[in-house]
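# Fold and contact review
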Amino acid sequence: MERRLIRRGPLSKRLLMLLILTILAGSFAFSGNALANDNEENEPEKINNEVAAEVRNISYQLDKGAMDPGTAISLLISEIDALEEIDKVDIESATLDEVKKAVSLIVQEMPLLPNSLLKVWFTGSKAVVDIAENAIPYHLGRVMDDAKKLEEHLDKLGLTEQAQDLENARPYNNLLLKIPEVVAKKEIQVNVPVSVAKDLIARNLNLKIQGDGISFLMPAKDFDFSDGTARVAIIYKEMESKDLPNLDANLTLHFASRIYAVKAYRLAVNGASSPADFSQRVRMALSFDLGKDSDPARLGAFRYDETKKRWIYIKGVNATAGIIELHLENEGIYAVIDYQKTFEDIQKHWAKADIEAMAARQIAIGVTTSLFMPDEPLSRAQFTALLLRSLNKKEITPTTPTFKDVNSGDWFYGAVEAAYRAGLVSGKEKDIFAPRDNITREEMVVMLARALKAAGYHGTGNVGSLECFRDYAVISDWAKGAFASCQDAGINLTLPDGNLHPHDDATRAQAMVMLKGFSDAIQTLDR
């Protein structure tokens, strides 16, 4: 018995070992299958996390200006390709949110020429920005073609709104050159080679140059480069108000924008330069911020006259817009200013605010620098000259006078002749203007109504609406339509007592009140 037990012992051990190994093998097999199943289940989560992180980095780089939109589009396509490896139902909303954010940033940056296509160099205190000769086809090839591919990927993800945003943002109208921050405070010269201009023309594109608080829009199709011009240059520099004297003690200037000196040149192949006639073609925009103590009615765009040492009014601004656009003259110093001009004798006058507003627009000119004499009457010639200035029309001096009583030596000759040719005024008789007669309030209203029409204002004035005024019945028949038109345009036609007083002689103050309303009405046409 003892021997049998001894002989069977090793076999039992072997069987036991086999049993253990079988159990362990089964355990490992089960564990391996479970791990594989876990990996399968975690794969969508892993891809979501990796893609979200990469797309978040694309957004960060775009937001910091460290990545151009072409590169961002290409990288985003790669990340969406990775997402398409998993089922659509497994794509997490958080991942899609990151894609949406990246697309919104790309949409903002798509028209932007990348810094890699700009060469910045310095000469003295000036920074020069050159646009690469092949900038337009290179940039548009990447942005336009790759953006179409990205739109298709976005549609597959169900992000149709973002795909449409991308389509709308493709640069069909304007390309943007943003001045690098490193040169923002210097005098800056931007050179646009003729080859770039021709590429813009071929694609019917404009070039927008965006600086710090200033921008320029160049419609290349309007330029003629057949005269040997090699490139066009726009030069601008920020100025200090202390360097621009103000000689009027009754004038306070609050600068709502930065002050910029601007020049434009054509540069020939041989290096010669000449002023570029950009008038009515290149548009300049100034950003501004209306201070809490500023009056929007006094706000305007101005150009500094270096000879006369004073600011010249150009046009009014929409105070809520924060930006004003101007046609660029050949060169000049420009700013948006709250022009606070007042007079000693209007401080308690009922028309003070309107007089000051029109002084800011340089229509209300004092008898002296400190006196306005608001209650003095106004002649027909004086109001004609004021109206012509309000329309920014130039005087005309023909060889032969139109009226017998308006002679070539009179100070108002050019104003009356120009106003007559523009259809703003007529004579009291066929060839008599009566320039020195006091102008009545209804005569003034008739001239304003004609000026509204000349400026392109087409109101729907109804004579019946005048019945709200107590003295409307005494308005001359020939003036009723004019009163209705001016009322429709928002011009204040009454005196402080609420009546029209159509037959009274107009005063200087009353003229400013009506001209202020007229000026406001035609400014809305220019916005």
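Here, every reference points to the structure presented above.
Computed from a predicted structure; not experimentally measured. Residue positions are given per chain, counting from 1 as you read along its sequence in written order. Local features are withheld for residues below a pLDDT of 70 in this predicted model, meaning they are given only at 70 or higher, and side-chain atom pairs are given and counted only at 80 or more; totals for whole chains, interfaces and linings count all residues. Side-chain measures were taken over the full set of non-hydrogen atoms in the model, leaving aside hydrogen atoms and water.

## Focus on the sheet that holds strand S3 (residues 174–178)
- Here, a strand pair is defined by DSSP locating no fewer than two bridges between the strands. Put simply, DSSP H or I for four residues or longer makes a helix, DSSP E for two residues or longer makes a strand, and each gets a number counted from the N terminus. The five strands lie next to each other as S3-S5-S6-S11-S14, forming an open sheet whose pairing is mixed. Unpaired on one side and paired on the other, S3 and strand S14 (323–327) mark the two borders of the sheet. Direction aside, the axes of adjacent strands within the sheet are offset by 20 degrees on average.
- In the sheet, strand S11 (residues 283–287) pairs with S14 via five bridges, with the strands oriented antiparallel. Bridge pairing in S14 links Arg 283 to His 327. Think of each axis as a best-fit line through the C-alpha atoms, taken over the contacting stretch in the case of a helix, with angles from 0 to 180 degrees between the N-to-C directions.

## Some thoughts on helix H2 (residues 69–83)
- One fewer than the residue count of a helix, multiplied by 1.5 Å, yields its expected span. Spanning 15 residues, H2 covers 21 Å between terminal C-alpha atoms, matching the ideal 21 Å at 1.5 Å per step.
- Using a 1.4 Å probe on the protein chains alone, a residue whose accessible area is under 20% of its type maximum counts as buried, one over 50% counts as exposed, and one in between counts as partly exposed. Residues Pro 69, Gly 70, Ala 72, Ile 73, Leu 76, Ile 77, Glu 79, Ile 80 and Leu 83 constitute the buried set of H2.

## With respect to helix H8 (residues 380–390)
- Among the 11 residues that make up H8, nine are buried, leaving the element largely enclosed by the rest of the structure.
- For H8, the complete set of buried residues consists of Arg 380, Ala 381, Phe 383, Thr 384, Ala 385, Leu 386, Leu 387, Leu 388 and Ser 390.
- In this description, contact between two residues means that some pair of their heavy atoms is separated by no more than 4.5 Å. Buried positions along H8 lie against helix H9 (413–421), helix H10 (441–454) and helix H12 (508–525).
- Asn 392 sits one or two residues past H8 and shows a positive phi near 60 degrees.

## Points about the side chain of Asn 48
- When you line up the elements, Asn 48 lands in helix H1 (residues 2–63).
- Under the relative-accessibility criterion, Asn 48 is labelled buried at 1%.
- A polar atom in the side chain of Asn 48 sits 2.8 Å from the backbone oxygen of Pro 44.
- Setting aside chain neighbours within four positions, we find Asn 48 in contact with Leu 83, Ile 86, Asp 90, Ile 91, Glu 92 and Thr 95. Contacts described as polar in this section are N or O atom pairs within 3.5 Å, which, within protein, must combine one atom able to donate a hydrogen with one able to accept it, while residues neighboring in sequence count only if both atoms come from side chains.

## Notes on the packing of H2 against helix H4 (residues 135–156)
- In contact at an axis separation of 9 Å, H2 and H4 are set at 25 degrees when each is read in the N-to-C sense. Between H2 and H4, the crossing angle belongs to the class labelled roughly parallel. The element H2 and its partner H4 pack so that their crossing is left-handed. Of the residues in H4, those in contact with Pro 69, Gly 70, Thr 71, Ile 73, Ser 74, Leu 76, Ile 77, Ile 80 and Asp 81 of H2 are His 139, Arg 142, Val 143, Asp 146, Ala 147, Lys 149, Leu 150, His 153 and Leu 154.
- Residue polarity is assigned by list, with Asp, Glu, Lys and Arg as charged and Ala, Val, Leu, Ile, Met, Phe, Trp, Tyr, Cys and Pro as nonpolar; anything else, Gly included, falls into the polar class. Residues belonging to the contact of H2 with H4 are distributed by class as follows: nine nonpolar, five polar and four charged. Just so you know how the angles are binned, under 35 degrees is roughly parallel, over 145 roughly antiparallel, 65 to 115 roughly perpendicular, and the rest oblique. Rotating anticlockwise by less than a right angle from the far helix to the near helix defines a left-handed crossing, while the corresponding clockwise rotation defines a right-handed one.

## What to know about the packing of aromatic side chains
- Classification of ring pairs rests on two measures: the distance between centres of Phe, Tyr or Trp rings, Trp counted by its six-membered ring, which must be within 6.5 Å, and the angle between planes, read as stacked under 30 degrees, edge-to-face over 60 and tilted in between. Inspection of the entire model under this criterion finds 10 aromatic pairs.
- Judged by centre distance (5.5 Å) and plane angle (45 degrees), the rings of Phe 216 and Tyr 236 are tilted. One end of the pair, Phe 216, is in strand S6 (residues 214–219); the other, Tyr 236, is in strand S7 (residues 229–239), and 20 residues separate them in sequence.
- The class of Phe 216 is buried, set by a relative accessible area of 1%.
- You can call Tyr 236 buried: its relative accessible area is 3%.
- Between Phe 302 and Tyr 339 the ring centres are 5.0 Å apart and the planes differ by 10 degrees, which places this aromatic pair in the stacked class. Taken as a pair, Phe 302 in strand S12 (residues 299–305) and Tyr 339 in strand S15 (residues 331–341) lie far apart in primary sequence, 37 residues in all.
- For Tyr 339, a relative accessible area of 10% puts it in the buried group.

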